[in-house]
Amino acid sequence: HVPQGMTLEKFLQLPENSNLDEEIATTVLSLKAMNSADVIAKRSSLVIPILPDFPAVFESLLDKSLDNLSAETAKLVEEQIGRHEFHEDGEAWLAKGTAHIREEKCPFCSISVTENQLVKAYRAYFSEAYAAHKTLLIELSKNLDDCIGKATILQLHGGFKEVVSEAEFWNDYCDHGYTSPAEIDEIVVKSEALNASSRKLIDQKISAPLEKIAADQNFRAALTEWDVTRQRLQEACDQMAKANLVIHSVKDQNAIADKAKTEASLAVLRATQIRHSAPVTELVSGYTQIQVEKNNIVAAKATKKIELDAYDSNIFGSYEVDINKILTRFNAGFTLSKSGKNYQGKIPQSAYCLRFGSNDLDIGKSKLNEPTFETTMSAGDKSTFALAFFLTQIERDPNLSEKIVVFDDPFTSLDEFRREMTAKVIVRIGEIASQVIVLSHDKYFLDAIRQKIHGSQCVAMQITSTSDNSIIESWNIEWEIKEGYLKDHMTLHDFAIGKDGHAKEMIKIMRPLLEKYIRYRFPNAIQEGHWLGDMIGVIRGDEAHPLKEHLDELDDINDYTKSFHHDPSALFNNDEVLAFAKRTLNIVGGC
């Protein structure tokens, strides 16, 4: 917790400060401003948008008419409009038509209008005052565009958005207090609603200048909402003005600031914050006590290490004795010696040697051109050694009677004697353990175990493949041991790997091996007296048969071997026999 460059004594003496958080925040912003002096000097303050005013004369012009027109004149015009059903655009039509009278003739029928009372009424009705009135209405329409038109509003909206960006920039250097109002996102929508409703009213007034147009509910609602939005925007503009005062202050102070002193001040403030935080105050109060406790723990640790070393010495020695008893029982040509531990690395590690006669081989050390664990021991010795470790652990387990012990091919690479001893050890463990499970590919080894069991239940099972899965089912090991399937399989396998055997004998083995394999795998599916050709027929007729994928292989092997069964003296080629032997083993598996 003590900052770099500060002594523990000075750290402990830092006084409390009630305004610490505020001073840190202000100092951080000041320092950040100093680091960005060039950028701040060039950056402007917030640009306050100008808010447009809705025309104050809007509703008064909607309500205005020309009082100097005589009632009789107005009545004639109104009657003419009513007679011809010009209800909406009658005035505009008549005003336009009157303006197109030439040589006192009607622009529609060319009849003289010199003494026509209606035409006189039209001319009086649509006088200069009328024209001036319409001009005011048209100017009002243009004023609406300047006030709440699309271009004006988009410019206003963009101005507020730019302020948001600028305010975010200045937030990194000062607490200016400006917050963007939610009404920014309402500017366009609210102005469009007011523009649409007011535009509709002014268009109605322009089409009937002398009619009084009443402001409808849509207009009043839109105007009210716009006034509320504009008021919030005005408040935001007032906030911008206050924020600019703070921003100008930052720009002025930044020009005369001392960065080194500010950094030193911030370091002290932060160290003070750490010093008086809850975890550190507890650490300080317990500092002396912890020193005492540390010394006590170190002493206790030394005592425990002595006790642990004594325990390890005893346990390693007793394990070594038990392991060597098993190695002797298995007639191994080596024993375990110098069992112990070392403290290389973070945790203790076990270490031991293998003794061959009077020579010790340290398994943890290997030098170039010297014997090692890998080069000194055969595969059988390694398996025996691993099995001895496992058996010692099991035999020393005080809760063995409650355990299930699993052996998976425990005699791999073992000779006949060691295999026999392994079977005996497994049976003895089974007399104590809750249950023992032995997995093996060698049925003779499994049968050797079975024959040694007396007074305990023994169940033989086998894993059988189906078309899409595997199942565990009962297995008649006594019946299978009497058959020569495994012997034939091993003979063919030795020939296939070039270990032993004659090609002529292999030709005689392949068909019976396949027949036995199919009988064992599908014990109730093949009738007595049926041979490989009959079996192939069964497989061919069953689309879901698990051996369907091997049908062509079975057919080829059957065709190749049947001629030799009928004529033992038939000529053969060693390479061909080897190829078919491998194909046969590929079907029956187990290699």
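Residues numbered from 1 in each chain as written. Predicted model: local features only at pLDDT ≥ 70, side-chain atom pairs only at ≥ 80, totals over all residues. Heavy atoms only, no water.

Asker: Looking at this structure, how should I read the overall build of the chain?
Answerer: The helix and strand inventory of the chain stands at 24 helices and seven strands. Residues classed as buried in the chain amount to 35% of the 591 residues present. Intrachain contacts of the chain at a sequence separation of at least 6 include 68% that bridge at least 24 residues. When the accessible surface of the chain is totalled, it reaches about 36300 Å², and 52% of it is carbon and sulfur. (Helix = DSSP H or I, 4+ residues; strand = E, 2+ residues; numbered from the N terminus. Buried < 20%, exposed > 50% of the residue type's maximum accessible area, 1.4 Å probe, protein only. Contact = heavy atoms within 4.5 Å. Areas by Shrake-Rupley, 256 points an atom, 1.4 Å probe, with all protein chains shown as cover.)

Asker: For this particular structure, what's the right way to read the sheet that holds strand 1 (residues 335-342)?
Answerer: Sheet strands pair via backbone hydrogen bonds, and the direction of the pair is either parallel or antiparallel. The three strands are arranged 1-2-3 in an open sheet whose pairing can be described as antiparallel. The open sheet terminates on both sides in strands that have one partner only, identified here as strand 1 and strand 3 (359-362). The average angle at which neighbouring strand axes cross in this sheet is 25°, direction not considered. Direction of pairing for strand 1 relative to strand 2 (residues 349-356): antiparallel, over a ladder of six bridges. Looking at the pairing, Asn 342 lines up with Gln 349 of strand 2. (Pairing = 2+ DSSP bridges. Axes fitted to C-alpha atoms, helices over the stretch in contact; angles between N-to-C directions.)

Asker: Quick question: what am I supposed to make of a nonpolar patch on the surface here?
Answerer: On the surface, Ile 404, Val 406, Ile 437 and Leu 439 cluster together into a nonpolar patch covering about 330 Å² of accessible area. Contributing elements (two or more residues each) for the nonpolar patch: strand 4 (404-408) and strand 5 (435-439). Checked against the element boundaries, Val 406 lands in strand 4. Classification of Val 406 by relative accessible area gives partly exposed; the value is 44%. (Patch = residues over 30% accessible without salt bridge, like charges linked within 9 Å, V, L, I, M, F, W, Y side chains within 5 Å. Salt bridge = Lys/Arg side-chain N within 4 Å of Asp/Glu carboxyl O.)

Asker: Just to check I follow, could you spell out the nonpolar core for this structure?
Answerer: One broad trend across soluble globular proteins is that nonpolar side chains are buried collectively. Counting 40 residues, the largest nonpolar core has Leu 46, Phe 54, Phe 58, Phe 160 and Tyr 178 as the members making the most contacts within it. Where this core is concerned, the elements lending two or more residues are helix 4 (58-62), helix 8 (128-148), helix 9 (150-171), helix 10 (187-207) and helix 11 (217-254). With eleven residues, the top contributor of residues to this core is helix 11. Every residue in contact with Phe 58, bar those within four places of it in the chain, is listed here: Leu 140, Leu 144, Ser 198, Leu 201, Ile 202 and Phe 219. Counting residues in hydrophobic clusters, the runner-up holds 33 residues, among them Leu 387, Met 421, Val 427 and Ala 433. (Core = buried A, V, L, I, M, F, W, Y, C linked by side-chain atoms within 4.5 Å.)

Asker: Sorry if this is basic, but what is going on with the packing of helix 21 (residues 503-521) against helix 24 (residues 574-588) here?
Answerer: To characterise two packed helices, one gives the angle between the axes of the helices and the distance between these axes. Interaxial distance between helix 21 and helix 24 falls to 10 Å at its minimum, and their mutual angle equals 20°. Classified by the interaxial angle, the pair formed by helix 21 and helix 24 is roughly parallel. As helix 21 packs across helix 24, the resulting crossing turns out to be left-handed. Every residue of helix 24 that contacts helix 21 at Ala 503, Met 506, Ile 507, Met 510, Leu 513, Leu 514 and Tyr 517 is listed here: Asn 574, Val 577, Phe 580, Ala 581, Thr 584, Ile 587 and Val 588. The residue makeup of the contact of helix 21 with helix 24, split by class, is twelve nonpolar, two polar and no charged. (Parallel < 35°, antiparallel > 145°, perpendicular 65-115°, else oblique. Left-handed = near helix turned anticlockwise from the far one by under 90°. Nonpolar A, V, L, I, M, F, W, Y, C, P; charged D, E, K, R; others polar.)

Asker: Explain helix 23 (residues 551-566) here, please?
Answerer: The periodicity of an α-helix, 3.6 residues per turn, causes residues three or four places apart in sequence to face the same way. End to end, helix 23 covers 23 Å across 16 residues, agreeing with the expected 22 Å (1.5 Å per residue, within 8%). Of the residues making up helix 23, those classed as buried are Leu 551, Leu 554, Ile 557, Asn 558, Tyr 560, Thr 561 and Phe 564. The inward-facing, buried residues of helix 23 contact helix 21, helix 22 (532-541) and helix 24. (Expected span 1.5 Å × (residues − 1).)

Asker: Is there a simple way to explain the environment of Asp 203 in this structure?
Answerer: Within the secondary structure, Asp 203 sits in helix 10. Taking relative accessible area as the criterion, Asp 203 reaches 40% and is therefore assigned partly exposed.

Asker: What is the right way to read the packing of aromatic side chains from this model?
Answerer: Summed over the entire model, instances satisfying the criterion amount to twelve aromatic pairs. Residues Phe 385 and Phe 389 carry aromatic rings whose centres are separated by 4.9 Å and whose planes lie at 70° to one another, so their mutual orientation is edge-to-face. Of the two residues, Phe 385 and Phe 389 are both situated in helix 16 (residues 379-395); the distance of four residues between them amounts to about one turn of the helix. Given the relative accessible area of 3%, Phe 385 is considered buried. Taking the centre distance of 5.4 Å and the plane angle of 55° together, the rings of Tyr 560 and Phe 564 count as tilted. With Tyr 560 and Phe 564 both in helix 23 and four residues apart, the pair spans about one turn of that helix. The burial state of Tyr 560 is the same as that of Phe 564; both residues are buried. One aromatic cluster is present, built from ring pairs that chain together Phe 334, Tyr 352, Phe 356, Phe 385 and Phe 389. (Phe/Tyr/Trp six-rings, centres within 6.5 Å; stacked < 30°, edge-to-face > 60°.)

Asker: Mind showing me how you'd approach the pattern of salt bridges here?
Answerer: Oppositely charged side chains can form a pair if their charged atoms are brought close together. In total, this model carries 27 salt bridges according to the counting rule given. Where Arg 220 meets Glu 59, a salt bridge forms, and the shortest distance between an N and an O atom there is 2.7 Å. With Arg 220 in helix 11 and Glu 59 in helix 4, this residue pair connects regions lying 161 residues apart in the sequence. The partner of Arg 418 in a salt bridge is Asp 381, with the nearest N and O atoms 3.1 Å apart. Of this pair, Arg 418 sits in helix 17 (residues 416-430) while Asp 381 is found in helix 16, placing the two residues 37 residues apart along the sequence. On the basis of relative accessible area, Arg 418 is assigned to the buried category, the value being 8%. What emerges from the salt-bridge pattern is a single network uniting Lys 305, Asp 309, Asp 312 and Lys 341.

Asker: What am I meant to see in the environment of Asp 575 here?
Answerer: Along the polypeptide, Asp 575 turns up in helix 24. As for Asp 575 and Ala 503, which are separated by 72 residues in sequence, their C-alpha atoms are 8.8 Å apart.

Asker: Honestly, the packing of helix 9 against helix 10 in this entry has me stumped. Any pointers?
Answerer: Packing of helix 9 against helix 10 leaves a shortest axis separation of 10 Å and a crossing angle of 160°. Classified by the interaxial angle, the pair formed by helix 9 and helix 10 is roughly antiparallel. Remark: the crossing between helix 9 and helix 10 carries right-handed chirality. Contacts between helix 9 and helix 10 involve Ile 153, Leu 154, Leu 156, His 157 and Phe 160 from the first element and Ile 187, Val 188 and Ser 191 from the second.

Asker: Please explain the pairing of strand 4 as it appears in this structure.
Answerer: Of the two faces of strand 4, only one is covered, namely that formed by Val 405 and Phe 407; the face formed by Ile 404, Val 406 and Asp 408 stays uncovered. Sheet topology places strand 4 next to strand 5; five bridges connect them, and they run parallel. The partner of Asp 408 across the bridge, within strand 5, is Leu 439.

Asker: Quick question: what am I supposed to make of the side chain of Arg 511 here?
Answerer: Turning to its location among the elements, Arg 511 is positioned in helix 21. Here Arg 511 is in contact with Leu 532, Asn 558, Thr 561, Lys 562 and His 565, once residues within four sequence places are set aside.

Asker: Quick question: what am I supposed to make of unusual backbone geometry here?
Answerer: Trans peptide bonds make up most of the peptide bonds, and negative phi angles are found at most residues other than glycine. Of note in the backbone geometry, Asn 331 takes a positive phi value of approximately 60° without being a glycine. Classification of Asn 331 as exposed rests on a relative accessible area of 55%. Although it is not a glycine, Asp 409 adopts a positive phi angle of roughly 45°.

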